[in-house]
Every structure is written in C-alpha cells, then in structure tokens.
Amino acid sequence: AAYTHQGASLHVTIGINRVTWRDLVSATIEPLLGDPDFTEPLPAGHHADTDSIVEGLRERLTVLSHRLGEVEAADTVASHAARFLRTRQAALHGGLLDRLELDRLGDVTLVRRRRASTLALMPTGGGLRVLLGDRELRVPAHLEPALRHLQRHLEIRPCDLEPWLDAQSRLVLVRRLVREGLLEVVR
C-alpha cells in the first residue's frame, strides 16, 4: 500500500507466480475427493466417538491410496502444463495491422513468431492441441510437421511449409496463426 504526500508517484509491484509440488499433488488428489466416499458428512457427535471416526478415516485413506496408485502421472503433468500455457497473456502489439494484411499475405510473405509467444504442441488421439498462451486450437494431426517447423524457426514464409502442405493449406494455416496472434507480418 504505497502512497505519496507530494506530487505524483508510480509504484510497480512484480509478483512471480510459482507452482509447487504441493500444487501438483493437490491437483492430482482433488478430483478423487469428489467421490461419494469422501463427500459423506461425518455423523453427528463424531467428536465423542473417535474410535469409529478413526476406523472410517483409515478405510477412506486406503481407498484413496488405491485410487492414487491408478493415477497416470503423465496425464496429470500434461494437464497442468496445458493449463499453465493456456493462461499466459498474449502480447499482440500490431495485431490489428496484421489482420489488415491477411488478404495480401502470399506464399512468399515473411512472417515471424511474436516475441514472448508460446507455441506448444500436444498430440491427442487423432488430432493435435496447439497451445498459444492464452488460447488453445485443435487441429488435424497431419499439421504437426509444419507446426514443428514453426517451433524451430522464428521467421518463415508460407512456401517454407511446402514439404508438408500444399499452397492453399499452408496459406490457410499461416493466416490462421496470424489471426490468433502467434505470427506477425514482417513489414
């Protein structure tokens, strides 16, 4: 709570959102606790009958332990990573100008990834999740090689995607990624 007595003053607070192992473990356990075994209320007078409560807790911890053993850790981590990447703020300076250029964007137009942009690819059964920071696209799996090329190169021309896509498909993809804010037209 900063303030000044005389004149204008600017104060900046920088926070670093950190994720702990506790956060990840909680995210793993929390869905399991929605089961009716865990949402049943304790009986009235539970504070006076601690023996039956201890036994009930042991039973539920055994059930929880068994269910935790069935959790696929890779799925939990992938879900966490996707959530993290979807909540990044987009920096789209000049995005409106880029949209105005879409009709003129051709096969040899130079485009580049925006500074601080996010492009993460997560294959799914038969498709591909494209995480762009504050949004997610679902695209056909056959676009993966072209998108991997985009991950490796900061600047491209749509014709650079020729090994994987025909002329019309690569223009559609590049224009979409300009609209979504991943790419900007180099002027």
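Residues numbered from 1 in each chain as written. Predicted model: local features only at pLDDT ≥ 70, side-chain atom pairs only at ≥ 80, totals over all residues. Heavy atoms only, no water.

**Focus on the overall build of the protein**
- Check the secondary structure of the protein and you find 7 helices and 6 strands.
- Split into buried and exposed, the 187 residues of the protein put 27% on the buried side.
- Entry remark: accessible area of the protein is about 13,000 Å², with carbon and sulfur atoms responsible for 54%. (Helix = DSSP H or I, 4+ residues; strand = E, 2+ residues; numbered from the N terminus. Buried < 20%, exposed > 50% of the residue type's maximum accessible area, 1.4 Å probe, protein only. Areas by Shrake-Rupley, 256 points an atom, 1.4 Å probe, with all protein chains shown as cover.)

**Section: the pattern of salt bridges**
- Overall, the coordinates contain 12 salt bridges when judged by the stated rule.
- Note that Arg-67 is salt-bridged to Asp-35, the shortest N-O span being 3.2 Å. Placement of Arg-67 in helix 3 (residues 50–70) and of Asp-35 in the loop between helix 1 (21–29) and helix 2 (36–39) is noted, with a sequence separation of 32 residues between them.
- A relative accessible area of 22% places Arg-67 in the partly exposed class.
- Look at Asp-35 and you get partly exposed, because its relative accessible area is 23%.
- Here the residues in one salt-bridge network are Arg-112, Arg-114, Glu-155 and Glu-184, joined through shared partners. (Salt bridge = Lys/Arg side-chain N within 4 Å of Asp/Glu carboxyl O.)

**So, the sheet that holds strand 5 (residues 155–156)**
- One open sheet accounts for 3 strands, arranged 5-1-6; its pairing is antiparallel. The two strands at the open ends of the sheet, each matched to only one other strand, are strand 5 and strand 6 (183–185).
- Where strand 1 (residues 111–113) and strand 5 come together, 2 bridges link them in antiparallel fashion. Residue Arg-112 lies in a different strand from strand 5, and its bridge partner there is Glu-155.
- Along the sheet face, helix 7 (residues 167–179) touches strand 1, strand 5 and strand 6 and points at about 100 degrees away from the line of strand 6. (Pairing = 2+ DSSP bridges. Contact = heavy atoms within 4.5 Å. Axes fitted to C-alpha atoms, helices over the stretch in contact; angles between N-to-C directions.)

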